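Residue-level listing of the chains:
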Amino acid sequence: ELPAVEGLARVDVVCFDKTGTLTEGVIVFDSAQELGSSPSLPWRMVLAHFANDPDANTTASSLRGHFESADLTHRNKSPFSSLEKWSAYEFEGEASGTWVLGAPEFILNAEADRVALTQARAEADKGKRVLALAHTKAALVEGELPKNLSAVSLILLREQVRADAAETLRYFAAEGVGVRIISGDSPTTVAAVAREAGLEAMGAPIDGRDLPGELGELAKVLEQNQIFGRVTPEQKREMVKALQLSGHVVAMTGDGVNDALALKVADLGIAMGSGSAITKAVSRLVLLDGKFATLPSVVAEGRRVIANIERISRLFLSKTVWAISLAIVFGVALWTFPFLPRQLSAIDGFTIGVPAFALALLPNHKRYVPGFLRRSLAFCIPAGLLVAVGVIVLSFLTRNSLWTRPESQTSVSLLLASAGLWILVTLARPLNTVKVWIWLGMVGLFVGLFTWQIAREFFGFELLDLPQFLVTVAVAVPTLLGLELAFRLAERVR
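Everything quoted here is computed from the prediction, not taken from an experiment.

### A short note on the overall build of the chain
- Along the backbone of the chain there are 18 helices and 13 strands.
- Relative to the compact-globule value of 23 Å for 494 residues, the chain shows a C-alpha radius of gyration of 34 Å, a clear excess of over 25%.
- Each principal axis of the C-alpha distribution contributes one length, and for the chain these read about 115 × 40 × 35 Å.
- Counting only residues that meet the buried cut, the chain has 52% of its 494 residues in that class.
- When contacts within the chain are restricted to residue pairs at least 6 apart in sequence, long-range pairs at least 24 apart make up 69% of them.
- Counting every atom, the chain has about 22,700 Å² of accessible surface; 60% of that belongs to carbon and sulfur.
- If the 47 positive side-chain charges of the chain are averaged to one point and the 49 negative ones to another, these points end up 8 Å apart.

### What to know about the pattern of salt bridges
- One pass over the full model with this rule turns up 27 salt bridges.
- As a salt-bridge pair, Glu1 and Arg284 come within 3.8 Å of each other at their nearest N and O atoms. One end of the pair, Glu1, is in the segment before helix H1 (3–10); the other, Arg284, is in the loop between helix H11 (277–282) and strand E13 (285–287), with 283 residues separating them in the sequence.
- Judged by relative accessible area, Glu1 falls into the exposed class, the value being 57%.
- For Glu111, the salt bridge is made with Arg114, and the minimal N-O distance between the two is 2.6 Å.

### Things to note about the environment of Gln33
- Looking at the element boundaries, Gln33 is found in strand E2 (residues 28–34).
- Separated by 120 residues in the primary sequence, Gln33 and Ser153 place their C-alpha atoms 5.4 Å from one another.
- Contact partners of Gln33, with chain neighbours within four places excluded, come to Gln119, Glu123, Val152, Ser153, Leu154 and Leu156.
- Looking at Gln33, its side chain comes within polar contact range of the side chain of Gln119, at 2.2 Å.

### Here we look at the environment of Ala323
- Following the sequence through the fold, Ala323 ends up in helix H12 (residues 295–333).
- Residue class for Ala323 comes out partly exposed when judged on its relative accessible area of 26%.
- In this structure, the C-alpha to C-alpha distance between Ala323 and Val387, residues 64 residues apart in sequence, is 9.3 Å.

Calculation rules
Residues numbered from 1 in each chain as written. Predicted model: local features only at pLDDT ≥ 70, side-chain atom pairs only at ≥ 80, totals over all residues. Heavy atoms only, no water. Helix = DSSP H or I, 4+ residues; strand = E, 2+ residues; numbered from the N terminus. Rg over C-alpha atoms; globule rule 2.2 N^0.38 Å. Buried < 20%, exposed > 50% of the residue type's maximum accessible area, 1.4 Å probe, protein only. Contact = heavy atoms within 4.5 Å. Areas by Shrake-Rupley, 256 points an atom, 1.4 Å probe, with all protein chains shown as cover. Lys, Arg positive; Asp, Glu negative; His and termini not counted. Charge placed at Lys NZ, Arg CZ, Asp CG, Glu CD. Salt bridge = Lys/Arg side-chain N within 4 Å of Asp/Glu carboxyl O. Polar contact = N/O pair within 3.5 Å; in protein donor to acceptor, adjacent residues only side chain to side chain.

Below is the structure:
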């Protein structure tokens with residue numbers, strides 16, 4: 001959507017999940033560790049049932065082919081919930097009882113399964129995604145975690161860190177864009193993957209269950225920490241709101257239904273091309289290739305468009321101010337206009353037209369902040385009035401018998417061209433090699449316009465003698481110094 005361009009230019013915080021951004025997004029089975037508490041239980045067959053269910057999520061599906069299937073029939077089922085972080089089946093016969101597969105810290109008892117939880121945290125610290133399979137004789141009631149669960153096994157999964165993840169994170173750091181990794185996985189797993197991707201995270205990994213509910217307090221946590229795990233969809237939305245409350249412009253990336261709430265409230269929702277239909281519907285931007293590494297170029301494009309529009313508009317607005325001022329003054333005074341239309345067109349060409357085209361295409365990494373009109377007018381009005389005053393003074397000084405009309409027009413045009421080139425070089429700052437060459441090219445056109453005989457004859461310019469040139473310089477120098485002062489004062493306006 002078109003408003004996304006401005007959003008891209010303003011973003012200063014990007015929130016994203018670990019899976020599919022820092023990692024390739026493909027979850028691969030690594031190993032399964034039997035905990036030894038109930039070796040007689042057919043837990044491998046149960047895992048095969050979880051994996052082969054047509055409604056299995058991406059995590060459970062990664063187990064397919066790694067466990068021998070069995071002809072198990074469940075009589076009750078509780079599908080996976082991103083809020084509860086577990087799914088369950090209730091069987092009869094050989095695998096009788098209820099089996100729960102989910103995040104260890106959500107389904108295991110801190111006291112009874114202390115060893116299993118310690119082992120799970122150790123694997124998570126290595127960057128593994130850890131699931132626990134637990135069993136109980138209790139019946140399954142949909143939406144309720146069964147009682148008296150006992151850990152049976154740990155299932156270890158792994159993801160490949162993207163080769164370009166480190167470069168992407170370095171870009172955001174260099175451009176002053178903060179990152180927040182918000183994931184449903186264990187915070188220690190997310191932190192380990194982030195370290196592997198080269199992120200020196202601020203603060204400690206935070207478990208979503210420990211996050212405060214009040215937005216103000218949540219905002220403080222988000223300012224001091226970057227990695228968050230076990231976060232629910234509702235918490236993702238509240239985290240985006242909390243960052244906005246702190247004055248940030250937030251971009252949120254996502255691909256699943258559980259990201260839709262956060263994408264909708266973010267200043268810029270970014271959906272992956274492989275994402276769900278609802279995710280794309282609530283987002284303002286869709287990355288068709290689904291690659292996190294595309295984001296730097298996307299942000300850079302938004303900044304280039306908006307920042308260059310602001311820069312170039314100042315060229316045109318400055319001219320508008322002095323043009324209107326001269327029209328009013330010379331119209332009221334009934335003076336002859338100080339230059340010919342074709343002379344003005346030539347000056348506009350190398351002070352506005354050609355450089356504006358070139359500058360519009362150059363990269364611009366400046367982050368946009370609100371106040372475009374205020375900042376533009378803070379420079380354009382003083383600059384335009386200074387140029388107008390300079391033209392009026394010089395036009396008055398050259399209205400005598402010592403100056404012919406072409407000489408007067410040449411003098412005023414020299415002043416106008418010099419002022420235009422100075423405005424150009426101030427607005428092109430910070431200068432780099434390309435900008436310097438653009439400006440020097442325009443200076444070359446300026447010199448050629450007033451010295452090349454064919455150009456002088458066509459545009460009606462004359463070569464000035466030394467006293468006439470000095471009069472022109474005497475008016476031009478204060479005008480250019482005034483423009484420099486106006487620029488520096490305008491730079492303080494935010």
